[in-house]
Amino acid sequence: MAIENYTLDEKDLSILRILQKDAKLSVRDISNKISLSPTPTHERIKRMEKLGIIKEYTTVIDRRKVNKGMMVICMIALNAHNKKTAGHFIEQVSRLKEVVEFYNISGDFDFMLKILAPDMEKFHEFFVNTLSEIEGIGQTKSIFVMNSIKESVQIL
């Protein structure tokens, strides 16, 4: 797999798989798992960080245990399809802490938002008082997630 004149080899891919499962592992632990000494393992990790292959290190939190048990997928169609309307909408939605994922999509709707809230009352309050007040929204459709079957941030 090539990225900006750098080709990911099997050692790089192994490092990425390991870090996706446990980013707290030390370089020494990672190097032992891939049968490579710590210095080249560290250099590979730093190179992948510099190239943006590794974007950040984060913690996966159980949303239910931090009072964000309601998940809503909200589909939004804008009332005008131009740079100004879309730019304004993107700028406003990007600031909302309740929106944890935000995608520009094709089809009947223009955007898909993944929204977390403590409960239906708080979601309704957010939807009516914040989201629907953003200029440019033409149509919305909210889908309430009843159960998460699979949630993952691992792509390899």
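Residues numbered from 1 in each chain as written. Predicted model: local features only at pLDDT ≥ 70, side-chain atom pairs only at ≥ 80, totals over all residues. Heavy atoms only, no water.

The strands that make up a sheet pair up through hydrogen bonds in the backbone, lying either parallel or antiparallel. Pairing is antiparallel across the open sheet formed by four strands, whose spatial order is β4-β5-β3-β6. Bordering the open sheet on either side are β4 (99-104) and β6 (137-144), each of which pairs with just one other strand. Put simply, the sheet's adjacent strands are angled 20° from each other on average, direction ignored. Inspection of the sheet shows β4 paired to strand β5 (residues 111-117) by five bridges, in the antiparallel sense. Residue pairing for β5: E101 is matched across the bridge by K114. The strands that helix α4 (residues 83-94) touches are β3 (70-78), β4, β5 and β6; relative to β4, the one it contacts most, it runs at about 160°. Packed onto the sheet, helix α5 (residues 120-129) meets β3, β4, β5 and β6 and runs at close to 170° relative to β6. (Pairing = 2+ DSSP bridges. Helix = DSSP H or I, 4+ residues; strand = E, 2+ residues; numbered from the N terminus. Axes fitted to C-alpha atoms, helices over the stretch in contact; angles between N-to-C directions. Contact = heavy atoms within 4.5 Å.)

Below, the discussion takes up the pattern of salt bridges. Any two side chains of opposite charge can pair, on the condition that their charged atoms come close. Under the criterion given, the structure shown has eight salt bridges. In this structure, K46 and E49 form a salt bridge, with 3.1 Å as the shortest nitrogen-oxygen distance. One end of the pair is K46 and the other is E49, both in helix α3 (residues 38-50) and three residues apart, which spans about a single turn. Residue classification places K46 among the partly exposed residues on the basis of a relative accessible area of 42%. (Salt bridge = Lys/Arg side-chain N within 4 Å of Asp/Glu carboxyl O. Buried < 20%, exposed > 50% of the residue type's maximum accessible area, 1.4 Å probe, protein only.)

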